[in-house]
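This is what each chain is made of:
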Amino acid sequence: MRDIYVFGSLNMDLVIQSPYLPEAGETLTGSGFLVNPGGKGANQAAACGKLGGRVHMAGCVGDDAFGQQMKENLSRYGVDTGCVRSVEHVSSGIAVILLINGDNRIILDQGANAFVCVEDAERLLKNARPGDVLLVQLETPIPIVKEAMRIAREKGCITILNPAPLKEGVEALFPYTDMIAPNETEFAALTGTDILGKGSRMLMSAGIREVIVTRGSKGYCYISDGKLVTEDCIKAPVVDTTGAGDTFLGAMAVKLADGEHIESALRFANRAAAVTVQRRGAQVAIPTLLEVEEIFRAQRQRV
């Protein structure tokens, strides 16, 4: 197995369920308040660790209780946090998540995530080798993400860009991107079209080799070299979609690092994400490799 490097964000998620989206000035009674570690980068690193990958993460947390808790949580999942840096006199990133009928709406405060620097990327990738995997997102500043991708590309790593949350200037990352994995909304915003073939050709003309579009309840599409592969979402009772996309990407990265073909990696990722949506929370909801194998073995036996 090759190593996986995750450069990205760490946030503490403050989650509450609501019957509907409140109007301006309206106060609602919610339920099920939950505080748990999240952040797209940390979620993807946790997914890699829980699903059996050899994963290292770089990012920044504040010098507060949340920061220490987030690092300890990742370590429990098998993530090497030696390159996660604490920033003095700064609060950790916070995500306020409103759950409505299983869907989420998120308000994000970057906090310490805004303080990542090129040196963080250099430390993370110091020992990277050809064939290792770099996974990045956009909850940290794009110029620093670009440097991490440039270093990884020079070392022969596979670079995977999750362009979320979508930001102005993301096109600067395309020359260093092997695989891009937007959701449907992000894909349309990036390309100006929701037509998969047309939009994918636009992305590939910028140097990207492979495009993966996650489609929520409709599954995913994979496009490369004129090839289109689709798979429906695995049917499961949805409790909370938070972290499902991050689980998908982490699971895919684990299988690619293990030398599996992309189509096999995507099928496994689809299964792992189907388990995550059945549970509340972000990292805590991500399944282990054993859980994914046991759940789908039991399902096959029932068929």
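Quick note: structure is the one above.
Residues numbered from 1 in each chain as written. Predicted model: local features only at pLDDT ≥ 70, side-chain atom pairs only at ≥ 80, totals over all residues. Heavy atoms only, no water.

Some remarks on the overall build of the chain
What counts here: For the purposes of this entry, the term helix denotes a DSSP run of H or I that reaches at least four residues, the term strand denotes a run of E that reaches at least two, and both are numbered from the N terminus. Relative accessibility decides the category of a residue: with a 1.4 Å probe and only protein chains considered, values under 20% of the type maximum give buried, values over 50% give exposed, and everything between is partly exposed. Contacts are residue-level and defined by heavy atoms, with any inter-residue pair within 4.5 Å sufficient. Surface accessibility follows the Shrake-Rupley procedure with a 1.4 Å probe radius. Residue values consider only the protein chains on display as shielding. Just so you know, the count uses Lys and Arg for positive and Asp and Glu for negative, and it drops His and the chain ends. To locate a charge, the coordinates of NZ of Lys, CZ of Arg, CG of Asp or CD of Glu are taken.
For the chain, the helix and strand inventory stands at nine helices and 13 strands. C-alpha extents for the chain along the principal axes are approximately 55 × 50 × 40 Å. In the chain, which comprises 303 residues, the share counted as buried stands at 52%. Across the chain, contacts joining residues at least 24 apart in sequence account for 69% of those joining residues at least 6 apart. Accessible surface, the chain as shown: approximately 13100 Å² in total, 52% of it carbon and sulfur. Taking the average location of the 31 positive side-chain charges in the chain and that of its 36 negative ones, the two points are 6 Å from each other.

Focus: the state of the cysteines
For the record, the criterion: Note that a disulfide, as used here, is simply two cysteine sulfur atoms within 2.5 Å.
The tally for this structure, following the rule as stated, stands at zero disulfides. Of all cysteine sulfurs in the structure, the one in C157 sits closest to C48, which takes part in no disulfide; the separation is 14 Å. Here C48 falls in the buried class, since its relative accessible area comes to 0%.

Let's talk about the pairing of strand β11 (residues 210-214)
Counted only if it meets this: Two strands qualify as a pair provided that DSSP identifies no fewer than 2 bridges between them.
For β11, a buried count of five out of five residues is recorded, marking the element as mostly surrounded by other parts of the structure. Judged by which residues are buried, β11 turns out to be covered on both faces: E210, I212 and T214 on one side and V211 and V213 on the other are all buried. Bridge analysis of strand β10 (residues 179-180) against β11 gives two bridges, and the strand direction is parallel. Of the residues in β11, the one forming a bridge with I180 is V211. When β11 meets strand β12 (residues 220-224), the two strands line up antiparallel, connected through four bridges. Bridge pairing links V211 to I223 in β12.

Some thoughts on the pattern of salt bridges
Note the following rule: A carboxyl oxygen of Asp or Glu within 4 Å of a side-chain nitrogen of Lys or Arg is what we treat as a salt bridge.
This structure, assessed with the given rule, holds 16 salt bridges. Residue R85 pairs with D120 through a salt bridge whose shortest N-O separation is 2.8 Å. With a gap of 35 residues between them, R85 in strand β5 (residues 80-87) and D120 in helix α3 (residues 118-124) connect regions that are remote in the sequence. Given a relative accessible area of 26%, R85 falls into the partly exposed group. Residue D120 is classed as buried on the basis of its relative accessible area of 0%. The partner of R153 in a salt bridge is D178, with the nearest N and O atoms 3.1 Å apart. You can see R153 sitting in helix α4 (residues 142-154) and its partner D178 sitting in the loop between β9 (158-161) and β10, a full 25 residues away along the chain. The exposure class of D178 is buried, given its relative accessible area of 6%. Three or more residues are tied together by salt bridges with common partners; here these are R153, D178, R209 and E210.

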